[in-house]
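A structural walkthrough
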Amino acid sequence: MATEAEGRTSGIRAFPSGSVSLARTLALTLGGLLLLAILALALGGVGLLREQAEEQALSRVQLAGVGARDEIRRYSEAALTSARLLASRPTLARLLREGDPDAVEFFMRRYCETAGFDTCAVLEGDRVIAAAPARLRWDELAGPVEEQGERFLVATPSLPDGLLGATAPVQAVPGARVIVLRTFDRRMAGALAEQVGMEVRLLRFSDWLQTIEPDLKLLHSSALTEGKTVAQRIDAQRIFVSSTPIVAVTGEGVALIEARLPTATVEAVVDRFGKRLAWTAALLAAIALLTTVVLARRIGHPLQSLAESAARLGRGDFSTAIPVRGTPEVATLARTMEDMRGNLVD
């Protein structure tokens, strides 16, 4: 048994460098076809996964832009609620009736900081009574507020970013009303990024051509032309990015939401899958090659033995019996030759 196993092992080792026999031809042909099939499936699987991962990444940044826009609308609704709450405060009405601007400004500052707004103001007609903590340019806001109503979105010339806000009348003081404002600044972008789970940037609508990077101009131009969220892969910066316009109820553009996702997040997933697939393909290829060699030897060796027996018969050597083994067809041929040898001996 040990001698037979050693002979089989040495035969397998010498197989690749042997003569061009039927067994070697079968093994090389079948093994090569199996290797090509496994390689094609592996490359196709990696390519398909990469395409699907990129499509998913584009969908993610697109949904992130839409989600950030919806979050800004929620901010606007919350601003209206806060403005109505501020306008209904008895303390504010009392301070307004007393006519102490410093006390009103202090009260507005405390409320604004607590509620998380950038500016809170009280107006009487077109006159700003108090505004804190930032100054208020009512001459720039009066038009948009009158056009849009209680909630408004506006990009003022004096500020580098857009604004969202709300206004509500002070019922206890006729002619007075409060305004609360939030700026489309980095703080809001950071809050939006936490909500959508990726980097978010807010771009001023009026001068976006001067403030954005050149690689993204085509993306934002497409978003403005189509009036909806557009997503692309920017190879120069290795990011997936979407552009979403923010539009007021009057149809006026206010800002652009830019959601970014690094391509490294997608490539990491594809690389992990590729490595796992490579190990699986290598294991399958090894099993396929071993199976092919064994199968080729099982088919080729009986034929080789039969050929040697036929050669002995041709030389007139009828003393050695012809072994009957191999596939049914080969065994039938060997049995026929053995009968022929027996007849010749007789």
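Values in this document were obtained by computation on a predicted structure and should not be read as measured data. (Residues numbered from 1 in each chain as written. Predicted model: local features only at pLDDT ≥ 70, side-chain atom pairs only at ≥ 80, totals over all residues. Heavy atoms only, no water.)

**A word on the overall build of the protein chain**
A tally of regular secondary structure across the protein chain gives 10 helices and nine strands. Taking all 346 residues of the protein chain together, the buried fraction comes to 39%. Contacts in the protein chain between residues far apart in sequence, at least 24 positions, make up 55% of those at least 6 positions apart. Put simply, the protein chain shows about 19500 Å² of open surface, and 57% of that area lies on carbon and sulfur atoms. (Helix = DSSP H or I, 4+ residues; strand = E, 2+ residues; numbered from the N terminus. Buried < 20%, exposed > 50% of the residue type's maximum accessible area, 1.4 Å probe, protein only. Contact = heavy atoms within 4.5 Å. Areas by Shrake-Rupley, 256 points an atom, 1.4 Å probe, with all protein chains shown as cover.)

**Section: the sheet that holds strand 6 (residues 199–204)**
The four strands lie next to each other as 6-9-8-7, forming an open sheet whose pairing is antiparallel. For this open sheet the edge positions go to strand 6 and strand 7 (230–234), each flanked by a neighbour on one side alone. Here the strands of the sheet are splayed against their neighbours by 25° on average, with no regard to which way each runs. One ladder, built from nine bridges, connects strand 8 (residues 239–247) with strand 9 (residues 253–262); its direction is antiparallel. Among the inter-strand pairings, Pro245 is bridged to a residue of strand 9, identified as Leu256. (Pairing = 2+ DSSP bridges. Axes fitted to C-alpha atoms, helices over the stretch in contact; angles between N-to-C directions.)

**Re the pattern of salt bridges**
Applying the stated criterion across every chain yields a total of 14 salt bridges. We note a salt bridge from Arg201 to Glu199, for which the minimum N-O separation is 2.8 Å. Here Glu199 falls in the partly exposed class, since its relative accessible area comes to 38%. Residues Arg233 and Asp235 are paired through a salt bridge, measuring 2.8 Å at the closest nitrogen-oxygen approach. Classification of Asp235 as exposed rests on a relative accessible area of 54%. (Salt bridge = Lys/Arg side-chain N within 4 Å of Asp/Glu carboxyl O.)

**Side note on the pairing of strand 1 (residues 119–124)**
For strand 1, the buried fraction is high: five of the six residues fall into the buried class. Between strand 1 and strand 2 (residues 127–133), which pair antiparallel and follow one another directly, the connecting turn spans two residues, one of which, Gly125, has a positive phi of 70°. Taken together, the six bridges between strand 1 and strand 5 (residues 176–183) define a ladder with antiparallel strand orientation. Within strand 5, the position partnered with Ala121 by the bridge is Ile179.

**Here we look at the confidence of the model for the protein chain**
Confidence in the prediction for the protein chain averages 80 pLDDT; 82% of positions are at 70 or higher. Averaged pLDDT values over the elements of the protein chain bottom out at 48 in helix 1 (residues 2–14) and peak at 92 in strand 5. In this model, residues 14–18 is a region of pLDDT below 50 whose contacts with residues beyond four sequence positions or in other chains number seven contacts. (pLDDT = per-residue confidence, 0-100.)

**Notes on the sheet that holds strand 5**
The strands making up a sheet associate through hydrogen bonds between their backbones, and the pairing can be parallel or antiparallel. Ordered by their spatial adjacency, five strands build an open sheet running 2-1-5-4-3, and the pairing between neighbours is antiparallel. Where the open sheet ends on each side, the last strands, each with one partner, are strand 2 and strand 3 (151–154). Each strand axis lies, on average, 20° off the axis of its neighbour in the sheet, ignoring direction. Pairing of strand 1 with strand 2 involves six bridges; the strand directions are antiparallel. Looking at strand 2, one finds that Glu124 is bridged to Arg127.

**Focus: helix 8 (residues 217–226)**
Every buried residue of helix 8 is accounted for by Leu219, His220, Ser222 and Ala223. Seen from one end, helix 8 has its buried residues packed into an arc of 155°, which puts them on one side. The outward face of helix 8, more than 90 degrees from its buried face, is lined by the exposed residues Leu218 and Thr225. Looking one or two residues beyond helix 8, the residue adopting positive phi is Gly227, at roughly 70°. (Arc of directions from axis to C-beta.)

**Regarding unusual backbone geometry**
Residue Pro133 is bonded to the preceding Ala132 through a cis peptide linkage, with omega at -5°. Among the secondary structure elements, Pro133 is positioned in strand 2. In this structure, Arg238 takes a positive phi of about 55° despite not being glycine.

**Some remarks on the nonpolar core**
Counting 43 residues, the largest nonpolar core has Leu92, Leu96, Val178 and Phe184 as the members making the most contacts within it. Considering each element in turn, this core owes the most residues, eight residues, to helix 2 (residues 22–87). Filtering out sequence-adjacent residues up to four positions away, Leu96 remains in contact with Val104, Val122, Ile129, Val170, Val173 and Ala176. Membership of the second largest hydrophobic core comes to 12 residues, among which are Ala131, Leu141, Val145 and Ile179. (Core = buried A, V, L, I, M, F, W, Y, C linked by side-chain atoms within 4.5 Å.)

**So, the environment of Ala248**
If you trace the backbone, Ala248 turns up in the loop between strand 8 and strand 9. Residues Ala248 and Phe152 lie 96 residues apart in sequence; the distance between their C-alpha atoms is 6.9 Å. Setting aside its immediate chain neighbours within four residues, Ala248 contacts Gln148, Leu153 and Val254.

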